Amino acid sequence: PGVPCFNSCCADVNILLTPLDVLRLARRTGLTTTEFLDRHALMPITKDLHLPVVMLKMNDDAARRCPFVGEQGCTVYADRPWACRMYPIGMALPPARAGVEPEPVYFLFQDDFCHGREEAGAWTSTKWRQDQGVLEHEALENGFKEIVAHPWFIGGRQLDPKRMEMFHTACFDLDRFRAFVFESTFLT
């Protein structure tokens, strides 16, 4: 617990970012959310995408390392993304159904490079998530979770490109959304 991330576990992986991850990392790095998304995020688009997805952009070097891993480990450790807080625990959800709250299933990654496996003691998934601040993180994002689990989205409906961009801005690019609300005619 509390062991900073070093190199190997942050290479060539896909880390999905939540809205809270984007906001925390932007503030930690001294960037606006717009600047952070431009510099450090990928937003893959496919015709089957129902909601915007934001992924952390890895370095372009051969190792494809996380841009926030430095000589001493993770440089954004206190504000690391949800996926990094969870590791080495993975989580899966059964297929979404309207009106049914899915129960997550937790599992342990057995990666040889994870130094945490050398630690003594036993952990439950709940104890790990509590120790790593995951429960707090998830509580802050309950509203977002409720939106993306709404029956409208579960029913297979898709946003058109304009609405997809608006949804992305309102959820992930909070500085641009704030400017839109307060510096446009939106409030009138």
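For the structure given in this document, a descriptive report is provided here.

Here is what the cut-offs are and how they apply
- Residues numbered from 1 in each chain as written.
- Predicted model: local features only at pLDDT ≥ 70, side-chain atom pairs only at ≥ 80, totals over all residues.
- Heavy atoms only, no water.
- Helix = DSSP H or I, 4+ residues; strand = E, 2+ residues; numbered from the N terminus.
- Contact = heavy atoms within 4.5 Å.
- Axes fitted to C-alpha atoms, helices over the stretch in contact; angles between N-to-C directions.
- Parallel < 35°, antiparallel > 145°, perpendicular 65-115°, else oblique.
- Nonpolar A, V, L, I, M, F, W, Y, C, P; charged D, E, K, R; others polar.
- Core = buried A, V, L, I, M, F, W, Y, C linked by side-chain atoms within 4.5 Å.
- Buried < 20%, exposed > 50% of the residue type's maximum accessible area, 1.4 Å probe, protein only.
- Phe/Tyr/Trp six-rings, centres within 6.5 Å; stacked < 30°, edge-to-face > 60°.
- Lys NZ or Arg CZ within 6 Å of the ring centre and 35° of its normal.

**Focus on the environment of histidine 137**
Next, step 1: Structurally, the position occupied by histidine 137 is in helix α5 (residues 134-140).
Next, step 2: Placed 116 residues apart in sequence, histidine 137 and aspartate 21 show a C-alpha to C-alpha distance of 9.0 Å.
Next, step 3: Apart from the residues lying within four places of it in its own chain, the contact partners of histidine 137 are Thr18, Leu20, Asp21, Arg24, Trp82 and Arg85.

**Topic: the packing of helix α1 (residues 19-29) against helix α2 (residues 33-40)**
Next, step 1: For the pair α1 and α2, interaxial distance at closest approach is 9 Å and the crossing angle is 95°. Between α1 and α2, the crossing angle belongs to the class labelled roughly perpendicular. In contact with Val22, Leu23, Leu25, Ala26, Arg27 and Thr29 of α1, α2 contributes Thr33, Phe36 and Leu37.
Next, step 2: Residues belonging to the contact of α1 with α2 are distributed by class as follows: six nonpolar, two polar and one charged.

**A short note on the nonpolar core**
It is characteristic of soluble globular proteins that their nonpolar side chains tend to be buried jointly.
Next, step 1: Formed by 25 residues in total, the largest nonpolar core has its most connected members in Leu17, Val22, Phe36, Val54 and Leu56.
Next, step 2: Taken together, the elements giving at least two residues each to this core come down to α1, α2 and α8 (161-172).
Next, step 3: Excluding its chain neighbours within four sequence positions, the residues that come into contact with valine 54 are Ile15, Leu16, Leu17, Val22, Leu37, Ala41, Leu42, Met43, His168 and Phe172.
Next, step 4: Met86, Ile89, Trp128 and Val134 belong to the second largest nonpolar core, which has five residues in total.

**Some words on the environment of proline 19**
Next, step 1: With respect to the helices and strands, the residue proline 19 is situated in helix α1.
Next, step 2: Taking the relative accessible area as the measure of exposure, proline 19 reaches 10% and is therefore buried.
Next, step 3: Separated by 149 residues in the primary sequence, proline 19 and histidine 168 place their C-alpha atoms 9.3 Å from one another.
Next, step 4: Aside from chain neighbours lying at most four places away, what touches proline 19 is Glu141, Phe144, Cys171 and Phe172.

**Looking at α2**
Next, step 1: Looking only at α2, the buried set comprises Thr33, Thr34, Phe36, Leu37 and His40.
Next, step 2: If you follow the buried residues of α2, they end up packed against α1, β1 (41-42), β2 (55-56), α8 and α9 (174-183).

**Some details on the packing of aromatic side chains**
Next, step 1: Considering all chains together, one arrives at seven aromatic pairs under this definition.
Next, step 2: Here phenylalanine 107 and phenylalanine 109 contribute two aromatic rings whose centre-to-centre distance is 5.3 Å and whose plane-to-plane angle is 70°, an arrangement assigned as edge-to-face.
Next, step 3: A ring pair is formed by phenylalanine 177 and phenylalanine 180, whose centres lie 6.3 Å apart and whose planes are at 35°; its orientation type is tilted. Highlighted residues: phenylalanine 177 and phenylalanine 180, both in helix α9, separated by three residues, approximately one helical turn.
Next, step 4: Relative accessible area serves as the criterion here: at 30%, phenylalanine 177 is assigned to the partly exposed category.
Next, step 5: In this structure phenylalanine 180 comes out as partly exposed when scored by relative accessible area, which is 42%.
Next, step 6: Stacked on the ring of tyrosine 77, the Lys or Arg arginine 80 has its end atom at 3.9 Å from the ring centre.

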